[in-house]
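Descriptive structure summary
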Amino acid sequence: GEDVEQSLFLSVREGDSSVINCTYTDSSSTYLYWYKQEPGAGLQLLTYIFSNMDMKQDQRLTVLLNKKDKHLSLRIADTQTGDSAIYFCAENQGGYQKVTFGTGTKLQVIP
Amino acid sequence: DVKVTQSSRYLVKRTGEKVFLECVQDMDHENMFWYRQDPGLGLRLIYFSYDVKMKEKGDIPEGYSVSREKKERFSLILESASTNQTSMYLCASSPTGQSQETQYFGPGTRLLVL
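1. A look at the side chain of Ser49(B)
All names here are of chain B. Looking at the element boundaries, Ser49 is found in strand E5 (residues 42–49). In this structure Ser49 comes out as buried when scored by relative accessible area, which is 0%. There is a polar contact of 2.6 Å between the side chain of Ser49 and the backbone oxygen of Met54. Ignoring anything within four residues of it in the chain, the contact list for Ser49 reads Glu30, Asn31, Met32, Met54, Lys55, Arg68 and Phe74.

2. Details of the pairing of strand E11 (residues 105–110) of chain A
Residue and element names in this part refer to chain A. The alternating pattern of E11 places Thr105, Leu107 and Val109 on a buried face and Lys106, Gln108 and Ile110 on a face that is not buried. As paired elements, strand E2 (residues 9–13) and E11 share five bridges and run parallel to each other. Directly across from Ser11, in E11, lies its bridge partner Gln108. Across three bridges, the pairing between strand E9 (residues 85–92) and E11 is antiparallel. Bridging across to E11, Tyr87 finds its partner in Thr105.

3. Observations concerning the sheet that holds strand E7 (residues 65–70) of chain B
Hydrogen bonds between backbone groups are what pair the strands of a sheet, and the pairing can be parallel or antiparallel. Residues and elements named next belong to chain B. Spatially, E1-E3-E8-E7 is the arrangement adopted by the four strands of the open sheet, whose pairing is antiparallel. Each of the sheet's edge strands pairs with one partner strand only, and the pair in question is strand E1 (4–6) and E7. When strand polarity is set aside, the average angle formed by the axes of neighbouring strands in this sheet is 20 degrees. Bridging between E1 and strand E3 (residues 19–25) involves three bridges; their strand directions are antiparallel. In the sheet register, Val4 faces E3, and the bridge partner there is Gln25.

How each quantity is defined
- Residues numbered from 1 in each chain as written.
- Chains lettered and ligands numbered in written order.
- Predicted model: local features only at pLDDT ≥ 70, side-chain atom pairs only at ≥ 80, totals over all residues.
- Heavy atoms only, no water.
- Helix = DSSP H or I, 4+ residues; strand = E, 2+ residues; numbered from the N terminus.
- Buried < 20%, exposed > 50% of the residue type's maximum accessible area, 1.4 Å probe, protein only.
- Polar contact = N/O pair within 3.5 Å; in protein donor to acceptor, adjacent residues only side chain to side chain.
- Contact = heavy atoms within 4.5 Å.
- Pairing = 2+ DSSP bridges.
- Axes fitted to C-alpha atoms, helices over the stretch in contact; angles between N-to-C directions.

In structure tokens form, the structure reads like this:
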């Protein structure tokens, strides 16, 4: 299958912005997603972006998509301690909602 | 709200045992998935099912089988558990239709094989 790559770890101070990056490889992906996994829990969808969009904003979250470079990023403004979690990007490769997940980025927020 | 439940949060089994992991969803979703999650590897798809009695291999099906006798229930079976199957197992479901529909995840089962 196609690989979706993320850096494994990110540490930021409370109140700063966090930027989590993702590189995907399937240019035919229709939707790209960001999921959040809190400790001991399953994954929860944070936001998604359709492949014909460049940017999507939802409160403190901004998603940027660069289709040419197959690069997706998630920016969290005013990062809080409650944002500490693992963040997964994922791409939909069509058919039965089959989704390929990245390796996950663990975000640590320092008070 | 969609609810996906998994039969156990933590499970300890011995090498060679047969292990059943159960997943139930209450939203009449057609599609169900089993993943395993390992540090640094993210989520890897083991099997998925798009209808009752239908199943498709994912990226890492070796050592696993599945059963979907009813729409709401998707079982993952480890015929003979091995230590390299120690992992977090996540079940998910999604409806068929618009691609932006997300997958809804259960809380996970952390399996330790001794």
